[in-house]
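Examination of the molecular architecture
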Amino acid sequence: MASTLADINSQIKKHDEQIAQLRKQAEELRNQERASVVEELRKKIAEYGLTAADLKLASRGTSRRGTSVAAPKSAAKYRSPTGETWSGGRGRKPRWITEALAAGKSLSEFEIN
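The rules we used
Residues numbered from 1 in each chain as written. Predicted model: local features only at pLDDT ≥ 70, side-chain atom pairs only at ≥ 80, totals over all residues. Heavy atoms only, no water. Helix = DSSP H or I, 4+ residues; strand = E, 2+ residues; numbered from the N terminus. Buried < 20%, exposed > 50% of the residue type's maximum accessible area, 1.4 Å probe, protein only. Contact = heavy atoms within 4.5 Å. Areas by Shrake-Rupley, 256 points an atom, 1.4 Å probe, with all protein chains shown as cover. pLDDT = per-residue confidence, 0-100. Arc of directions from axis to C-beta. Core = buried A, V, L, I, M, F, W, Y, C linked by side-chain atoms within 4.5 Å. Patch = residues over 30% accessible without salt bridge, like charges linked within 9 Å, V, L, I, M, F, W, Y side chains within 5 Å. Salt bridge = Lys/Arg side-chain N within 4 Å of Asp/Glu carboxyl O. Expected span 1.5 Å × (residues − 1).

Quick notes on the overall build of the chain
A count of helical and extended segments in the chain gives 2 helices and 2 strands. Overall, the chain shows an N-to-C arrangement of helices and strands of α-β-β-α. The buried share among the 113 residues of the chain stands at 8%. Considering only contacts within the chain whose residues lie at least 6 apart along the sequence, 22% involve residues at least 24 apart. Entry remark: accessible area of the chain is about 10,300 Å², with carbon and sulfur atoms responsible for 52%.

So, the confidence of the model for the chain
In the predicted model, the chain carries a mean pLDDT of 86, and 88% of its residues have values of at least 70. By mean pLDDT, the top-scoring element of the chain is helix H1 (residues 5–48) (94), and the lowest-scoring one is strand E2 (residues 85–86) (88).

As for helix H2 (residues 95–102)
Listed in full, the buried residues belonging to H2 are Trp96, Ile97 and Ala100. Taken around the axis of H2, the buried residues stretch over an arc of 100°, which confines them to a single face. Facing away from the buried side of H2 by more than 90 degrees, the exposed set consists of Arg95 and Ala102. Where H2 is buried, its residues meet strand E1 (78–79) and E2. Where H2 ends, the next residue or the one after it, Gly104, has phi of about 95°, a positive value.

Concerning the side chain of Ser87
By secondary structure assignment, the location of Ser87 is in the loop between E2 and H2. Residues in contact with Ser87, not counting those within four places in the same chain, are Ser74, Ala75, Ala76, Lys77 and Tyr78.

Considerations on the nonpolar core
In terms of nonpolar packing, the biggest core is built from 6 residues, these being Tyr78, Trp86, Trp96, Ile97, Ala100 and Phe110. Here the element with the most residues in this core is H2; it accounts for 3 residues. The residues touching Phe110, leaving out its near neighbours within four places in the chain, are Lys77, Tyr78, Arg79, Ser80, Pro81, Trp96, Ile97, Ala100 and Lys105.

Some details on a nonpolar patch on the surface
On the surface, a cluster of nonpolar side chains totalling about 650 Å² of accessible area is made up of Val37, Leu41, Ile45, Tyr48, Leu50, Leu55 and Leu57. Along the chain, Val37 falls in helix H1.

What to know about H1
The first and last C-alpha atoms of H1 sit 63 Å apart over 44 residues, in line with the 64 Å expected at 1.5 Å per residue. Downstream of H1 by a residue or two, Gly49 has a phi angle that is positive, lying close to 65°.

With respect to unusual backbone geometry
In the Ramachandran plot, Lys56 falls in the positive-phi region, its phi being about 55° despite a non-glycine side chain. Looking at where Lys56 falls in the secondary structure, it is placed in the loop between H1 and E1.

What follows is the structure, given as structure tokens:
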């Protein structure tokens, strides 16, 4: 079975074209199946009155792409003499609070009324 390089390249090209056609057919079938599944799900959602929360689609803390979303800012509970504020919650205490506490002041002195 003596084949030339040109014969082999011709066969490869023929098979590549067949593969491309099969991939296109597979994609079309997948899109058709997907469309019918989406339609079926829409009907069920409407039938049962489901929401995104019921399906756990609306999650706090991550966006649609999975990247972290900043948590909402908390209201300030403490204010420094220079106007800086702190919610008193998450994270480390601000430097102005730690320095004031080290100097013997009370946290209640900085509360916002």
